[in-house]
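Listed below, chain by chain, are the residues.
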Amino acid sequence: GHSKLKLRDRWRVRNHLNSIHAMALANFAEATSGLAFIAGLGNQMRAILVGFEIQYVKKARGTLTAECRVPNEFYSTHEQREILLPVEIRDSSGDVVVSAKAKWRVGPK
């Protein structure tokens with residue numbers, strides 16, 4: 001129910017403004033939410049991303065850390081439902097550079 005990932009700043013993920021590209025940040029946030037959520041699902045459940053919302057707070061440069069926590073109550077039922085998971089991406093100074101929300105639909109296989 002928790003994931004914390006790092007993304008190194010490399011030329012391949014940079015844009016023309018010399019910062020990390022917006023879609024690289026979106027992919028990073030989505031992957032972080034998915035790892036946090038799916039890691040806690042049982043074998044009888046499945047999930048799919050059905051929505052995604054993102055805000056770019058400031059230019060992203062340097063090594064970034066993304067974190068997502070899933071409250072335990074999300075794993076307490078096996079009914080189909082949608083869950084909104086917040087993800088924050090911070091730079092090496094601890095400043096938030098991206099705030100995202102991933103909407104996952106989960107239900108029985």
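Going by the structure above, here's the rest.
So, how was this worked out
Residues numbered from 1 in each chain as written. Predicted model: local features only at pLDDT ≥ 70, side-chain atom pairs only at ≥ 80, totals over all residues. Heavy atoms only, no water. Helix = DSSP H or I, 4+ residues; strand = E, 2+ residues; numbered from the N terminus. Buried < 20%, exposed > 50% of the residue type's maximum accessible area, 1.4 Å probe, protein only. Contact = heavy atoms within 4.5 Å. Areas by Shrake-Rupley, 256 points an atom, 1.4 Å probe, with all protein chains shown as cover. Salt bridge = Lys/Arg side-chain N within 4 Å of Asp/Glu carboxyl O.

Colleague: Any chance you could break down the overall build of the chain for me, citing the residues and the numbers?
Modeller: Secondary structure assignment for the chain yields one helix and five strands. In the chain, the succession of α and β elements from N to C terminus is β-α-β-β-β-β. Once the C-alpha set of the chain is aligned to its principal axes, its extents read approximately 45 × 20 × 20 Å. The buried share of the chain, reckoned over its 109 residues, is 32%. In the chain, 72% of the contacts between residues at least 6 apart in sequence involve partners at least 24 apart. Surface exposure of the chain reaches about 6700 Å², of which carbon and sulfur atoms provide 50%.

Colleague: Could you give an account of the pattern of salt bridges, with specific residues and numbers?
Modeller: By the definition in use, this model includes seven salt bridges. Here Arg-69 makes a salt bridge to Glu-67, at a shortest N to O gap of 3.3 Å. Judged by relative accessible area, Arg-69 falls into the exposed class, the value being 53%. The closest approach of N and O atoms between Arg-90 and Glu-88, which form a salt bridge, is 2.8 Å. Given the relative accessible area of 34%, Glu-88 is considered partly exposed.

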